[in-house]
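Summary of the model geometry
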Amino acid sequence: METLDRPTPAPAPVTEGRVRSGFGAQAVLAMILVAIAFGFVAIVTRATLPTKVLPAPFPDQHQDAETLTFLFTFGLALPLALFAVTRIASRLGTARAIRLEGMAALLAPAIPVALLLTKVAERTDVVASSTVIVAALVAIALATVALIVAGFTDRFGPALEAAGRRSRPIWIGTGILAAFAALSFFELTDLGRVRLIVGFAALAAMLFLYVRSSQSRLSLPGWLGRAIDVGVPVLILLAVPNLYIFGATGTVDTEVTHFHQNFFIGPANHVLGGGTMLIDTLSQYGIGSIYFLVAWFLIAPIGDGTLGFIDNVLVALVFVGGFVVIRLAGVSRLLSAAAMTIAVLTLIFGLEYPLGALLQHGAIRFGLPMMLLAAATVEFAYPRFRRPAQAVELLTLGLSSIWALEGFAYTVLTAAAILAVRLWLVGPAPRWRLFWRWLGASVAACVAFHLALALGTLLAAGELPRWGWYLNTLREFLTGNVGDLTYDFVPWTAAFAVGALYVASTAGLVVLMRTRPDLVRERPARAIALAGTTAWGIALYSYFVNRSAEHILPYISLPALMIVMIWLSLLLDRRDEVSLATRTAGLGVAGALAVLMVAAAWPVIELRAPQSALAYAVPGGNSTLGEGFERLWDPPDLSQGATDGAELVERCMPDPERTFVLTDADLGIEILTKVERANAFPLSDPWEDSLVGAAMIPALRESMNDIRPGDRILVDAPAIATFKAYELVPFRNPLLDPIGIDALVPSGVAPLQEWILKELGRYRLRTVCRGGGINGFRVVEPVLRRNPPPRLDRALSRQLDG
């Protein structure tokens, strides 16, 4: 069978014109054009598109403007800017390429100056910052057009050539301005004087050693290099997992953790109890991802601790994959080790919530593209492993198609970027043949996984998966009222810098492939790693655009750090073309940014570092590694009274197949996991199900009609209060006007549970058993009333059904 082998790319002839055409100049001009377009579109869309007013306590948002700006920037402005710069460079030709460098040098200071002026205006209130932004954008746009036009004239062209030849002082000044502009994204009072002094002293020592080693070309002993390659992944696997995850019962952080983890635990527990995904169980976070968790819970006991731990392990593997990718891309051992140290400190230990607490930002949701990226990088770094590497790439793509829609989209975008570079490397002759071969293999892999899922579902449940149910649910989350629960970017968020980095990396790679194909073909694994990592980063950035809370940014920033390291490595490798001063300056800028990031995150690092498995494993700590795992495997109650509720279920509800639970939603899930049962009501996570409540009503109505004499229901005080409230107002619509109170972290009875309690109004609830504690637990049997309260008429019932 013909494989997906890549023909060995032939080295392209290097001409002085290609080298002189100005990689840096073209990349800088493209970024400036994108910045101008982004600024104008962001201002116009925010001013013209309506603001979405949300109910308290959610803030009003401008999500439509943010989404449109993101799509415009990466989908239209960036390609058009690259096309425009390419055309300008071609029209100028080799003889006048130096003019392009003059344009870039004169325009480059404009962006940091605009940022600094805006920051000053915001702090002084002398001029409105919005006025400064608009004025700066207009000035930069006019200057850009004027310089481009001037580049094609004989009158002003020589002046641009002179600026290009004498651009070093301008670039140095731009670098200084950019450093101050970077500082504007930090709150200097939070950085800590001592931390900055220590960090910059260490940076100065590192730069001194780099200069010395560059002069004498020192290298690490072979044994030490191998120790770093093995030791760094081992340390990552120990340092990344957090063995704390949740705090004391009743704290806000624990409630937040419990609420969000139940979006995964609820569906997984329902499947463990005999349910089937896309038949009677659904999760917004995917299909394959829930089955993966079910497999894990066959090994470990189901619970918040074990759920957080498996996500921590996956995150650790993603970081190990990041180390492998940048090493194969040519980043030195020492630089790679330093990069992963910074990554763990700022992106793991610097998290506001412990790793594993908020799984919607974790590796279960975002990590799958790393497996494809690592396999593709191995393929091009070690061609002898081409076949198994390609098999892993296709398996990952196929798995992502049933994992979750977001995971599939992220993986496809990563694979598309890698394929684009792959096609460029082989040259024009076999390009289309290779394209169709890869497209066919990718589609076949996805079809194979879907057929396997369909067959497994058919055997387990007797019917095929209801993909329409899943897609309708996702539509509600993406475009319906649920999708409105989002947040705006905060002013001066570092997310703007991360987005700019992805623009710069895309522009840099495209321009590099055009102007210096010799560098790309010299180490194709580097180009593959850059393309895949940048595409993955842009995909993750789309999530931040939609959920722009600041605490999310570290979760999606590993690709950004990897990109910086790969580009920095390329700069440091060009000893024959780039001066020692320039290389040292590049290393210094990256190091200074790392110092600032660590200094800003240090207060949280001091809190999170002792919670890592590495800290637990160090002798003499407050807790041992075994104690940390014991707490995760057998955690305390996250919802107060969960153990009392579980004991009552085991004592008074003997039939595991008919365990009906109507309590506080999060409390009910914890009770069910403790007794290893599923809810007989078709609710996996009542809060998640209630977000698309109308779609769940038919199944709930069927379960209500299936209630038999002798069935028992576990209720608590909130459920009893809700039941009595609907006795007084039986016509109230629980989905449109629930009794529960809106909150950022909901608690109590979910709207779909209210619907069940309202429907139970035709019964009298006879108490069979009472539990201890403050929750007011009781097990009741529904007894049909002789004179039930009036029911909803058919028209209102149809309205309720959606």
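Residues numbered from 1 in each chain as written. Predicted model: local features only at pLDDT ≥ 70, side-chain atom pairs only at ≥ 80, totals over all residues. Heavy atoms only, no water.

**Quick notes on the overall build of the protein**
A count of helices and strands for the protein gives 34 helices and four strands. For 802 residues, the compact-globule estimate of 2.2 N^0.38 gives 28 Å, and the C-alpha radius of gyration of the protein, at 29 Å, lies within 12% of that figure. For the protein, the C-alpha atoms occupy an extent of roughly 100 × 60 × 60 Å along the three principal directions. Burial analysis of the protein (802 residues in total) assigns 53% to the buried set. A separation threshold of at least 6 residues defines the contact pool for the protein, and within that pool the share at least 24 residues apart is 78%. Accessible surface, the protein: about 35,400 Å² in total, of which carbon and sulfur atoms supply 65%. Here the protein carries 63 positive and 62 negative side-chain charges, and the mean point of each set is 10 Å from the other. (Helix = DSSP H or I, 4+ residues; strand = E, 2+ residues; numbered from the N terminus. Rg over C-alpha atoms; globule rule 2.2 N^0.38 Å. Buried < 20%, exposed > 50% of the residue type's maximum accessible area, 1.4 Å probe, protein only. Contact = heavy atoms within 4.5 Å. Areas by Shrake-Rupley, 256 points an atom, 1.4 Å probe, with all protein chains shown as cover. Lys, Arg positive; Asp, Glu negative; His and termini not counted. Charge placed at Lys NZ, Arg CZ, Asp CG, Glu CD.)

**Some points on the pairing of strand 4 (residues 778-784)**
Examined bridge by bridge, strand 2 (residues 713-715) and strand 4 share three bridges and lie antiparallel to one another. Bridged to Leu-714 within strand 4 is Val-779. Strand direction decides the pairing type here: strand 3 (residues 763-770) and strand 4, joined by seven bridges, are antiparallel. Across the sheet, residue Leu-765 finds its bridge partner in strand 4, namely Pro-782. (Pairing = 2+ DSSP bridges.)

**Let's talk about helix 16 (residues 368-381)**
Here helix 16 contains 14 residues, and its C-alpha end-to-end distance of 21 Å stays within 8% of the 20 Å for a straight helix at 1.5 Å per residue. The buried fraction of helix 16 is high, at 11 of 14 residues. All of the buried residues along helix 16 are Leu-368, Pro-369, Met-370, Leu-372, Leu-373, Ala-374, Ala-375, Ala-376, Thr-377, Glu-379 and Phe-380. Buried residues along helix 16 sit against helix 13 (304-328), helix 15 (363-366), helix 17 (386-403), helix 18 (405-426), helix 23 (524-546) and helix 24 (558-573). (Expected span 1.5 Å × (residues − 1).)

**Observations concerning the packing of helix 21 (residues 495-515) against helix 23**
Contact geometry of helix 21 with helix 23 gives a least axis separation of 10 Å together with a crossing angle of 150°. Of the two possible hands of crossing, helix 21 and helix 23 adopt the one that is left-handed. Listed contacts from helix 23 to Ala-495, Phe-496, Val-498, Gly-499, Tyr-502, Ser-505, Thr-506 and Leu-509 of helix 21 are Ala-527, Leu-530, Ala-531, Thr-534, Gly-537, Ile-538, Tyr-541 and Phe-544. Tallied by class, the residues present in the contact of helix 21 with helix 23 amount to 11 nonpolar, five polar and no charged. (Axes fitted to C-alpha atoms, helices over the stretch in contact; angles between N-to-C directions. Left-handed = near helix turned anticlockwise from the far one by under 90°. Nonpolar A, V, L, I, M, F, W, Y, C, P; charged D, E, K, R; others polar.)

**Topic: the side chain of Asp-716**
For Asp-716, the location among the structural elements is in the loop between strand 2 and helix 32 (717-728). Of the side chains with opposite charge, Arg-778 lies nearest to the buried Asp-716, which makes no salt bridge, at 8.9 Å. Within the structure, the side chain of Asp-716 is placed 2.9 Å from the backbone nitrogen of Asp-664, a separation counted as a polar contact. Look past the residues within four positions of Asp-716 in its chain and what remains in contact with it is Leu-662, Thr-663, Asp-664, Leu-667, Asn-775, Gly-776 and Phe-777. (Salt bridge = Lys/Arg side-chain N within 4 Å of Asp/Glu carboxyl O. Polar contact = N/O pair within 3.5 Å; in protein donor to acceptor, adjacent residues only side chain to side chain.)

**A few points about the sheet that holds strand 2**
Pairing is mixed across the open sheet formed by four strands, whose spatial order is 1-2-4-3. Each end of this open sheet is capped by a strand with a single partner; those strands are strand 1 (660-662) and strand 3. Taken over all neighbouring pairs, the strand axes of this sheet differ in orientation by 35° on average, direction set aside.

**A few points about the state of the cysteines**
Two cysteines, two sulfur atoms, one covalent bond between them: this is a disulfide. Taken as a whole and judged by the stated rule, the model has one disulfide. Across the disulfide, Cys-652 is cross-linked to Cys-769 (sulfur-sulfur distance 2.2 Å). The sign of the -100° torsion about the S-S bond sets the Cys-652-Cys-769 disulfide as left-handed. Here the residue Cys-652 occupies a position in helix 28 (residues 642-652), and Cys-769 occupies one in strand 3, the gap between them amounting to 117 residues. A relative accessible area of 12% means that Cys-769 is categorised as buried. (Disulfide = S-S within 2.5 Å.)

**Quick look at helix 10 (residues 222-239)**
With 18 residues, helix 10 extends 25 Å from end C-alpha to end C-alpha; this agrees with the ideal 26 Å at 1.5 Å per step. Restricting attention to buried positions, one finds in helix 10 the residues Gly-225, Ile-228, Val-232, Pro-233, Ile-236 and Ala-239. Elements that come into contact with the buried residues of helix 10 comprise helix 13, helix 14 (333-348) and helix 26 (613-617).

**Some points on the nonpolar core**
Phe-319, Tyr-541 and Ile-556 are the most contacted members of the largest nonpolar core, which has 131 residues in total. No other element matches the 15 residues that helix 23 contributes to this core. Beyond its immediate sequence surroundings of up to four residues, Tyr-541 is in contact with Phe-70, Phe-74, Phe-489, Ala-495, Phe-496, Val-498, Gly-499, Tyr-502 and Ile-556. Listed in part, the 65 residues of the second largest apolar core include Phe-297, Ile-302, Ile-310 and Leu-683. (Core = buried A, V, L, I, M, F, W, Y, C linked by side-chain atoms within 4.5 Å.)

**A few points about a nonpolar patch on the surface**
The grouping of Phe-40, Ile-43, Ile-133, Val-134, Val-138 and Leu-142 at the surface amounts to a nonpolar patch, some 450 Å² of accessible area in total. Every element with two or more residues in the nonpolar patch is listed here: helix 2 (23-48) and helix 6 (129-151). Take the nonpolar patch: its biggest share by element is four residues, from helix 6. Relative to the elements of secondary structure, Leu-142 occurs in helix 6. (Patch = residues over 30% accessible without salt bridge, like charges linked within 9 Å, V, L, I, M, F, W, Y side chains within 5 Å.)

**What to know about the packing of aromatic side chains**
With the rule as written, the count across this model stands at 27 aromatic pairs. Judged by centre distance (4.7 Å) and plane angle (5°), the rings of Phe-264 and Tyr-285 are stacked. You can see Phe-264 sitting in helix 11 (residues 252-272) and its partner Tyr-285 sitting in the loop between helix 11 and helix 12 (288-297), a full 21 residues away along the chain. With centroids separated by 5.5 Å and ring planes inclined at 65°, the aromatic side chains of Phe-309 and Trp-633 adopt a geometry described as edge-to-face. With Phe-309 in helix 13 and Trp-633 in helix 27 (residues 625-633), this pair connects stretches of sequence that are 324 residues apart. For Phe-309, a relative accessible area of 13% puts it in the buried group. Stacked on the ring of Trp-424, the Lys or Arg Arg-521 has its end atom at 4.4 Å from the ring centre. (Phe/Tyr/Trp six-rings, centres within 6.5 Å; stacked < 30°, edge-to-face > 60°. Lys NZ or Arg CZ within 6 Å of the ring centre and 35° of its normal.)

**Digging into the side chain of Thr-306**
Along the chain, Thr-306 turns up in helix 13. For Thr-306, a relative accessible area of 1% corresponds to the buried category. Within polar-contact distance, the side chain of Thr-306 engages the backbone oxygen of Pro-301 at 2.6 Å. In terms of polar contacts, Thr-306 uses its side chain to reach the backbone carbonyl oxygen of Gly-303, at 3.2 Å. Setting aside residues no more than four positions away along its own chain, Thr-306 makes contact with Trp-296, Phe-297, Ala-300, Pro-301, Leu-632 and Trp-633.

**Re a negative patch on the surface**
On the surface, Asp-644, Glu-647, Glu-650 and Glu-676 cluster together into a negatively charged patch. Within the fold, Glu-650 resides in helix 28. Take Glu-650: its relative accessible area is 52%, and that puts it in the exposed class.

**Side note on unusual backbone geometry**
Working note: non-glycine residues mostly have negative phi, and peptide bonds are mostly trans. Unlike most non-glycine residues, Leu-278 shows phi in positive territory, near 70°. Within the fold, Leu-278 resides in the loop between helix 11 and helix 12. Since its relative accessible area comes to 0%, Leu-278 is described here as buried.

**A short note on the pattern of salt bridges**
Tallied over the entire structure, the rule returns 25 salt bridges. For Arg-422, the salt bridge goes to Glu-379, with nearest N and O atoms at 2.7 Å. Taken together, the residues Arg-422 in helix 18 and Glu-379 in helix 16 connect sequence positions 43 residues apart. For Asp-737, the salt bridge is made with Arg-732, and the minimal N-O distance between the two is 3.3 Å. Note on Arg-732: relative accessible area 27%, which makes it partly exposed.

**Some points on the confidence of the model for the protein**
Counting all residues, the mean pLDDT for the protein is 89, and 93% of those residues have values of 70 or more. For residues 1-21, every residue scores under 50 in pLDDT, and the model assigns this stretch 43 contacts once sequence neighbours within four places are set aside. (pLDDT = per-residue confidence, 0-100.)

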